[in-house]
Structure formats: C-alpha cells, structure tokens
Amino acid sequence: MALLPIVTYNDSVLREKTEKIDENSESLQTLIDDMFETMYNSSGVGLAAPQIGESIQLFVVDADAIPDEIDEPNEGPLVFINPVIIETSGEEVRMEEGCLSIPDVRDDVLRPLNVRIEFFDRDLKKQEREFTGWMSRVIQHEFDHLQGVLFLDYLSAFRRRLHRSALKKIDKGLLETEYPLAPKKQGNVT
Ligand SMILES: [Zn+2]
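I will try to describe carefully the structure that is included in this document. Keep in mind the model is a prediction, meaning the values are calculated, not measured. (Residues numbered from 1 in each chain as written. Predicted model: local features only at pLDDT ≥ 70, side-chain atom pairs only at ≥ 80, totals over all residues.)

1. Quick word on the nonpolar core
In this structure, Met35, Leu47, Phe59, Val60, Val61, Phe80 and Ile139 are the most contacted members of the largest nonpolar core, which totals 40 residues. Secondary structure elements with two or more residues in this core: helix 1 (26–41), strand 1 (46–48), strand 2 (58–61), strand 3 (78–97), strand 4 (107–120), helix 2 (133–146) and helix 4 (164–171). Tallying contributions element by element places helix 2 first for this core, with five residues. Excluding its chain neighbours within four sequence positions, the residues that come into contact with Ile139 are Val61, Val115, Ile117 and Phe131. (Core = buried A, V, L, I, M, F, W, Y, C linked by C-beta atoms within 7 Å. Buried ≥ 20, exposed ≤ 12 C-beta atoms within 10 Å, placed from the backbone. Helix = DSSP H or I, 4+ residues; strand = E, 2+ residues; numbered from the N terminus. Contact = placed C-beta atoms within 7 Å.)

2. Some words on the environment of Arg161
Mapped onto the secondary structure, Arg161 falls in helix 3 (residues 157–162). The class of Arg161 is exposed, set by 11 C-beta atoms lying within 10 Å. Counting along the chain gives 20 residues from Arg161 to His141, while the straight-line C-alpha distance between them is 21 Å.

3. Points about the sheet that holds strand 3
The strand order across the open sheet built from five strands is 1-2-3-4-5, with neighbouring strands paired in antiparallel fashion. Where the open sheet ends on each side, the last strands, each with one partner, are strand 1 and strand 5 (126–132). Neighbour-to-neighbour, the strand axes of this sheet turn through a mean angle of 30°, independent of strand direction. With three bridges connecting them, strand 1 and strand 2 associate as antiparallel partners. When the sheet's bridge partners are listed, Ala48 is paired in strand 2 with Phe59. Most of the contacts of helix 1 go to strand 2, to which it runs at about 45°, and overall it touches strand 1, strand 2 and strand 3. Relative to strand 4, helix 2 is tilted by about 80°, and along the sheet it contacts strand 1, strand 2, strand 3, strand 4 and strand 5. (Pairing = 2+ DSSP bridges. Axes fitted to C-alpha atoms, helices over the stretch in contact; angles between N-to-C directions.)

Right, here's the structure in full:
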C-alpha cells in the first residue's frame, strides 16, 4: 500500500471528463487500496480518482469516519466504479462541505437529501442502492468529482470571492497540509 499525493484546486485533471473502467485488474485493486489508505491518512470521508490524478470513474467512501453520525447505518468502506445517479429526492439540505483538494476552504452547499445510485463494487458486481443524509452528501460530492465539478461551483460569486485568498494560496502551492499534495501544475485562479 502506498500514500498517493492529492491533486489540488486548479489542476486540470479535476476538471476533466473521466473514463469508464472496463475491466478488473491487479492494478485497479492496488489503486483502490492506495486510495483508501490516502483517504484515511488525510482524515477524509471520500476520495475520487481525479483527486489522485487518475481520470477514471472511481471513488471510495468511508463516511463513518465521522463519529457523531450515529443515527445512520454503519456502511464501512465502499467502492463506487462507473457510478450513475438514477435519481435524487427529498428536500434540499444545506450542509457544510470541504474537499481534500481544496484544503482549508469550507462552505455550505445545498443538495437533495437522498440519492439513488447504480455502480459496480470492487468485485465489479453491479449494485443499486439508495443513500440518505451524510452518506448521500458524501456520495454526491464524490460523484461530482467524476464530472469535473467541485463544491465551489455551487457557491455564489460572493461566497467564492470570500475564499479567493485561500484559493490563491492553494494555487501557488503555499498551503501546508498534514497530507502529501501533488506538485502544482500550471493553472489560473478562477
Ligand atoms: Zn472533494
């Protein structure tokens, strides 16, 4: 197992359209293990492949890493390959989000309470599940990464401006984190 450096805000891989995974392989299984290790090391609850520089349709989640969410079933580690959101439902809920690729920036994002999602698990077995609450939130955030969408994209221009200096700092590679970041490629602050 290995820790993978996390790609940060403004790296173009976070904005790319991701490729479908078409077969199981030893290297895919190793990548999944490494992504879990990387996620746990950075105290994250979800990690999508573009965040470690792989433009493929894969994310991992272990949202029970947050100990005060005891009202929801303990799902443990989950792997989502080639996921498709079938529908979202329920009220729009406002909840604070952060992202390992955008360290030190947090803000409220509105998302529907429930998500029904089709995906392949790590054995490439097809699954269809509905999630609610915190799990649904994390899954929707990670799914967005596979579409090149960041939680910042949901914020108003005003809210984004409030984060401008923090984003610049990340973009210039000046931010210190407790987990390894990928070396900065060129980009523009948007
Ligand atoms: Zn994220």
